[in-house]
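The chain contents come next:
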Amino acid sequence: MAEKLKAREKQKDTGVEVEHTHSEVTITKGKDEIHVDSHVFTLHEAGGATDREGFSREDFEGALDKASRPLKGRLAHVPYSSDDLIKDKRKEVELEDR
Amino acid sequence: METTLAVAADNANVSTDGKLNIIGVFQEFTAETFPSLVAQLTLVISWSAEPVEFNSQKEVRISFMGPDRDERIDLPPIQLAIPEATRPGEPAIAYQILTLQDLPLLKPGPHAFYVMVGGETKTRIPLYVREPNRERGKEAPK
């Protein structure tokens, strides 16, 4: 039986660390020899979690501004919240009743 | 621990970001003659384990069986160390890729790889072995 090999590989941007265990063995069945190459991969949270902790409120708000900026102009007519929408609808109904 | 995917394929690998890539999934094999050897076959199994199983060790056993019991081949058991999940509250993920070379096939018919944990069959990977293609080599009618 071949020696068991172990390796760990870290992917910082996805925060995943892949642990890889490899072993080889040859089994016999009658006169046949079957070669078995076995790989096991387990997924771990990478030490890159510290990167996520370093993600501050300023980073978040900065990212949000970038995302929301182009929306402001095009969707300016959309009510700010569902409460506003309900208020507007009530006003419309009241006007219709009169 | 449960299987979320189990197939026979030509090849498979796991990328550094934890993605499982599988090439050429198949369920049938046509033998040239009997007995026959499958030059290469890759078994791909994806496991999902719940938080209560984290940091435990599981023994995975795989047996290949054909229509006859004497055709049974037991692969060596594989120890699977269940890791913690990559995110809290989610199941842990593990992938197994086994490449078999020179797998003997004695007879045509339904075959399967039985994947067991703790003596219980978790899944089966079917492989239907077809008889030699007798039509091959014949000229097409003019």
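Keep in mind the model is a prediction, meaning the values are calculated, not measured.

### Some thoughts on the side chain of Ser46 of chain B
Residues and elements named next belong to chain B.
Piece 1. You can see Ser46 is positioned in strand β4 (residues 36–49).
Piece 2. A relative accessible area of 7% places Ser46 in the buried class.
Piece 3. Other than its neighbours up to four places away in sequence, Ser46 contacts Glu2, Thr3, Thr4, Leu5, Leu20, Ala94 and Tyr95.

### Considering the pairing of strand β5 (residues 57–65) of chain B
All names here are of chain B.
Piece 1. Two strands pair when backbone bridges link them, and β5 and strand β7 (residues 78–81) are joined in this way by four bridges, in the antiparallel orientation. Residue pairing in the sheet places Gln57 in a bridge with Ala81 of β7.
Piece 2. The pairing of β5 with strand β9 (residues 109–117) spans six bridges and is classified as antiparallel. Of the residues in β9, the one forming a bridge with Arg61 is Met116.
Piece 3. Note that β5 and strand β6 (residues 73–74) share two bridges and pair antiparallel. Opposite Ser63, over in β6, you have Asp74 as the bridge partner.

### Comments concerning the nonpolar core
Piece 1. Core analysis: the largest hydrophobic core is formed by 38 residues, its most contacted members being Leu41, Leu43, Trp47, Ile62 and Phe113 of chain B.
Piece 2. Those residues within four positions of Ile62 of chain B in sequence are excluded, and the remaining contacts are Leu43, Ile45, Ile73, Asp74, Leu75, Leu98, Phe113, Tyr114 and Val115 of chain B.
Piece 3. Counting residues in hydrophobic clusters, the runner-up holds 10 residues, among them Val16, Phe41 and Leu43 of chain A together with Val14 of chain B.

### As for the interface of chain B and chain A
In many reports, interface size means the accessible area that the parts give up when they come together.
Piece 1. With 31 residues of chain B at the contact, the number on the chain A side is 22 residues.
Piece 2. Of the roughly 2300 Å² buried between chain B and chain A on both sides combined, carbon and sulfur atoms contribute 63%.
Piece 3. At the junction of chain B and chain A, the tally comes to zero salt bridges.
Piece 4. At the boundary of chain B with chain A, the tally comes to six residue pairs in polar contact (both at pLDDT 80 or more).
Piece 5. Residue composition of the side of chain B that touches chain A, by class: 17 nonpolar, seven polar and seven charged.
Piece 6. Across eight bridges, the pairing between strand β3 (residues 32–45) of chain A and strand β8 (residues 92–105) of chain B is antiparallel. Within the sheet, the bridge partner assigned to Val40 of chain A lies in β8 of chain B and is Gln96 of chain B.

### Considering the confidence of the model for chain A
Residues and elements named next belong to chain A.
Piece 1. Residues with a pLDDT of 70 or more make up 45% of chain A, whose mean pLDDT is 69.
Piece 2. Confidence, expressed as mean pLDDT per element, reaches its minimum in chain A at helix α1 (residues 49–53) with 47 and its maximum at β3 with 90.
Piece 3. Long-range and interchain partners of residues 48–52, a stretch whose pLDDT sits below 50, account for four contacts in this model, where long-range means more than four residues apart.
Piece 4. Under a pLDDT of 50 for its full length, residues 66–76 has, in the predicted model, one contact with residues more than four places off or in other chains.

### Focus: unusual backbone geometry
Residue and element names in this part refer to chain B.
Piece 1. The peptide bond linking Phe34 to Pro35 adopts the cis configuration, its omega dihedral lying at -5°.
Piece 2. Position of Pro35 among the secondary structure elements: in the loop between β3 (28–30) and β4.
Piece 3. A positive phi angle, close to 65°, is found at Asn55, a residue other than glycine.
Piece 4. The topology assignment puts Asn55 in the loop between β4 and β5.

### Structural notes on the pairing of β4 of chain B
All names here are of chain B.
Piece 1. Burial runs high along β4: 11 of the 14 residues are buried.
Piece 2. In this sheet, β4 lies alongside strand β1 (residues 2–14) in antiparallel orientation, the contact comprising seven bridges. Looking at the pairing, Ala9 lines up with Thr42 of β4.
Piece 3. With 13 bridges connecting them, β4 and β8 associate as antiparallel partners. Looking at β8, one finds that Leu41 is bridged to Leu100.

### Section: the pattern of salt bridges
All names here are of chain B.
Piece 1. The final tally for this structure, using the stated rule, is eight salt bridges over all chains.
Piece 2. One salt bridge connects Glu59 with Arg61, and the closest N-O pair in it is separated by 3.1 Å.
Piece 3. A relative accessible area of 40% places Arg61 in the partly exposed class.
Piece 4. The residue Glu90 makes a salt bridge to Arg87 at a minimum N-O spacing of 3.2 Å.

Definitions and cut-offs
Residues numbered from 1 in each chain as written. Chains lettered and ligands numbered in written order. Predicted model: local features only at pLDDT ≥ 70, side-chain atom pairs only at ≥ 80, totals over all residues. Heavy atoms only, no water. Helix = DSSP H or I, 4+ residues; strand = E, 2+ residues; numbered from the N terminus. Buried < 20%, exposed > 50% of the residue type's maximum accessible area, 1.4 Å probe, protein only. Contact = heavy atoms within 4.5 Å. Pairing = 2+ DSSP bridges. Core = buried A, V, L, I, M, F, W, Y, C linked by side-chain atoms within 4.5 Å. Buried area = accessible area lost by both parts, 1.4 Å probe. Salt bridge = Lys/Arg side-chain N within 4 Å of Asp/Glu carboxyl O. Polar contact = N/O pair within 3.5 Å; in protein donor to acceptor, adjacent residues only side chain to side chain. Nonpolar A, V, L, I, M, F, W, Y, C, P; charged D, E, K, R; others polar. pLDDT = per-residue confidence, 0-100.

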